[in-house]
Amino acid sequence: MQRVRRGETIMSNDKKSPYLIAQEQFDLAAEFMGLEEDLRGILRVPKRELTVNFPVRMDDGTVRAFTGYRVQHNTTRGPGKGGIRYHQGVTLDEVRALAMWMTWKCAVVNIPFGGAKGGVVVDPTPMSMRELENLTRRFATEISPLIGADGDIPAPDVNTNQQIMAWLMDTISMHSGRLESAITTGKPLGLGGSLGRSDATGRGVSFCVAQAAKFLGMDLNGAPTIVQGFGNVGSVSALMLHDLGCKITGIGDVYGAIYNPKGIDPHALVKHMKKTRTVADYPDCERVTSQELLELQCDVLVPAALEEQITGENAARIRPKILAEGANGPTTPEADKILFENNVFVIPDILCNAGGVTVSYFEWVQDLQSFFWDEGEINKRLKHVMDSSFQAVNERAQAHKIPLRLAANILAIERVAEATRLRGIYP
Ligand code: NAD
């Protein structure tokens, strides 16, 4: 593998850019639905892109320069919405792809948001809390011309969390001189966060898996289940699938992966993680690599880490009955073709992991109204959104004998295209 150094990022250059993949998926749907050329031109590229280079003072007194991005793909149906990622592999193309997927995700579950995403090129793992706070506050300031409660609302993503959302919200509030709680979602409960938000993405994944199993006439009891990634999305997905009766046989994170055909208790693994910060050294398991993990025999596979894990190279060896995309963009278009031929039931990211943005929408509504709902209400509404969206996408897929990803993209693009036609072209 050839590697190139760009600033402080080390990127492998043998992968297709996620942005090209997002555009390829869009083109496929646009072609299938016969979308007008002018709308294709508008919808296949982001509306706004901001690149920021900014300094951060580190604990040893030195000053380091960082690069970050905020991209708004589309705001026709509502404010831009999308997470902020801190990762050494962040690129503008990755953020563009993630922003575009957010537009389709919000449209597929029919919430009144557009799509946006942000990221900073940084490995946050060795950084102290003070350094992370400095980085977050300065990045928030740099992207403040774009973000706002009625313009573009960030949320957590890979390596960002409630605390980072609290610093971001506080920074913008300090600038405006008043509390701006609706500027971000995924906040701590004590700051206008929503009950149910931290579990929402994984909960939504489990709702989708339950719906898919019902459709396929498959019993989830004891179904061997593999989860790649044990962060917010992966850990909650594992816990909830375990509670549905699935047998979690393999789990991986950035440090390695573990396999036990007799089953791994994800509740015990969460406790273990609190001590060692990784799943890789969990006892009584076979050690496997991240790639081997994906290829192990299972009924349910949940990629919940990063993009482009299932590719034309390994897809033929990946044979779950249900592939539930907790992560954004884990499957390439080449892999999609192979999985479809092999009858793998792929629940696409823009549907499968939409539980997070759905409860983010609930959080935003609660903040704007200063009126908070109980957790039962939130989970009930989330289930309604996820189940009805799953049904709509699956019905479309079965009617046309097409993959669910294509069906979901068509449904989403139809909604955004209709809103664009109704608004007209300014001026
Ligand atoms: P996170 O930072 O909480 O967890 C990421 C997990 O992936 C960690 O366990 C990490 O060790 C693991 N990981 C990272 N690189 C890996 C690699 N190369 N191989 C194996 N494992 C690796 O992030 P998260 O919020 O859980 O996000 C995971 C995915 O879900 C991302 O694609 C994100 O965009 C997507 N997503 C997140 C949310 C959300 O609400 N947080 C919502 C929708 C989609």
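No experiment lies behind these values; they were computed from the predicted model shown. (Residues numbered from 1 in each chain as written. Predicted model: local features only at pLDDT ≥ 70, side-chain atom pairs only at ≥ 80, totals over all residues. Heavy atoms only, no water.)

Student: Can you walk me through the pattern of salt bridges in this structure?
Tutor: Any two side chains of opposite charge can pair, given that their charged atoms come close. Enumeration over the complete set of coordinates arrives at 28 salt bridges. In this structure, Arg421 engages Glu36 in a salt bridge whose closest nitrogen and oxygen atoms are separated by 2.8 Å. In this pair, Arg421 sits in helix α14 (residues 404–423) while Glu36 sits in the loop between α1 (18–33) and α2 (37–43), placing the two residues 385 residues apart along the sequence. The closest approach of N and O atoms between Arg381 and Glu377, which form a salt bridge, is 2.8 Å. Remark: Glu377 and Arg381 occur in helix α13 (residues 375–400); sequence separation between them is 4 residues, near one turn of the helix. Look at the salt bridges and you will find they share partners, linking Arg85, Glu94, Lys117, Asp157 and Glu307 into a network. (Salt bridge = Lys/Arg side-chain N within 4 Å of Asp/Glu carboxyl O. Helix = DSSP H or I, 4+ residues; strand = E, 2+ residues; numbered from the N terminus.)

Student: I'm lost on the domain arrangement of the protein chain in this one. Help?
Tutor: Accessible area lost upon the coming together of the parts serves often as the stated size of an interface. One can read the domain layout of the protein chain as domain 1 (46–179) and domain 2 (200–352). Put simply, the middle of domain 1 and the middle of domain 2, counted by C-alpha atoms, are 27 Å apart. At the junction of the two partners, domain 1 supplies 12 residues and domain 2 supplies 9 residues. Summed over both partners, the interface of domain 1 with domain 2 comes to about 820 Å²; 60% of that surface belongs to carbon and sulfur atoms. Contact with domain 2 buries area across many residues of domain 1, yet Trp101, Lys105 and Val108 alone supply 48% of it, more than any other trio. If you look at where domain 1 meets domain 2, you find 1 salt bridge. Between Arg85 and Glu307 there is a salt bridge; the shortest N-O distance is 2.8 Å. Scanning the region where domain 1 abuts domain 2 turns up 2 residue pairs in polar contact (both at pLDDT 80 or more). Per-element tally for the side of domain 1 that touches domain 2: the top contributor is helix α3 (residues 92–108), with 6 residues. When the residues that make up the side of domain 1 that touches domain 2 are grouped by side-chain class, the tally is 5 nonpolar, 2 polar and 5 charged. (Domains from an automatic or database assignment. Contact = heavy atoms within 4.5 Å. Buried area = accessible area lost by both parts, 1.4 Å probe. Polar contact = N/O pair within 3.5 Å; in protein donor to acceptor, adjacent residues only side chain to side chain. Nonpolar A, V, L, I, M, F, W, Y, C, P; charged D, E, K, R; others polar.)

Student: Quick question: what am I supposed to make of helix α8 (residues 266–276) here?
Tutor: In an α-helix, one turn spans 3.6 residues, which is why side chains three or four residues apart end up on the same side. All of the buried residues in α8 are Pro266, Leu269 and His272. On an axial view of α8, the arc spanned by its buried residues comes to 105 degrees, and they lie on one face. With respect to the buried face of α8, the exposed residues turned more than 90 degrees away are Lys271, Lys274 and Lys275. Looking at the packing, one finds that the buried side of α8 touches α7 (232–243), β9 (247–253) and β10 (256–259). The residue sitting at the N-terminus of α8 and contributing the capping side-chain oxygen is Asp265; that oxygen lies 2.9 Å from the backbone nitrogen of His267. The positive-phi residue at the C-terminal boundary of α8 is Arg277, with phi of around 65 degrees. (Buried < 20%, exposed > 50% of the residue type's maximum accessible area, 1.4 Å probe, protein only. Arc of directions from axis to C-beta.)

Student: Looking at this structure, how should I read the nonpolar core?
Tutor: The nonpolar side chains of a soluble globular protein tend to be buried with one another. Of all hydrophobic cores here, the largest spans 83 residues; its most connected members are Trp104 and Ile347. Per-element tally for this core: the top contributor is α14, with 10 residues. Split by domain, the residues of this core number at least three in each of domain 1 (46–179) and domain 2 (200–352). Residue contacts for Trp104: discarding those within four places in its chain leaves Phe26, Leu43, His73, Ile350, Asn409, Ala412, Ile413 and Val416. (Core = buried A, V, L, I, M, F, W, Y, C linked by side-chain atoms within 4.5 Å.)

Student: Looking at this model, I keep getting lost on the layout of surface pockets. Mind explaining?
Tutor: The gaps of empty space that remain are located by a probe, the size of a water molecule, rolled over the atoms. Taken as a whole, the second largest pocket encloses approximately 370 Å³ of empty space. Together, 15 residues line the second largest pocket, and Ile42, Lys47, Thr76, Thr420 and Arg423 are the ones closest to its centre. Those elements that place two or more of their residues in the lining of the second largest pocket are β4 (63–74) and α14. Counting residues per element, the lining of the second largest pocket draws most heavily on α14, at 3 residues. Of the residues contributing to the lining of the second largest pocket, the split by class is 6 nonpolar, 6 polar and 3 charged. (1 Å grid on protein atoms, 1.4 Å probe; cavity = no way out; pocket = protein on both sides within 12 Å on 5 of 7 lines; lining within 4 Å. Points joined across faces, edges and corners; volume = space filled by probe spheres on them.)

Student: Please clarify how the site of the ligand should be interpreted in this entry.
Tutor: As a matter of local geometry, the ligand sits amid 22 residues, with Asp157, Thr201, Phe230, Asn232 and Asn328 nearest to it. Contact between the ligand and Gly326: an oxygen atom at 3.4 Å from a main-chain N or O atom of the residue. The set of elements that each furnish at least two residues to the shell around the ligand consists of α6 (197–216) and α7. Class assignment for the residues of the shell around the ligand results in 8 nonpolar, 9 polar and 5 charged. (Near = heavy atom within 4 Å.)

Student: It is not clear to me how the packing of aromatic side chains should be interpreted in this structure. Could you clarify?
Tutor: A ring pair, where both rings are aromatic, is described by two values, the distance of the centres and the angle of the planes. Per the stated rule, a full pass over the model turns up 10 aromatic pairs. Relative to Phe345, the ring of Phe215 lies with its centre 5.8 Å away and its plane at 45 degrees, an arrangement referred to as tilted. Taken together, the residues Phe215 in helix α6 and Phe345 in strand β14 (residues 345–347) connect sequence positions 130 residues apart. Of the residues examined, Phe215 reaches a relative accessible area of 42% and is grouped as partly exposed. (Phe/Tyr/Trp six-rings, centres within 6.5 Å; stacked < 30°, edge-to-face > 60°.)

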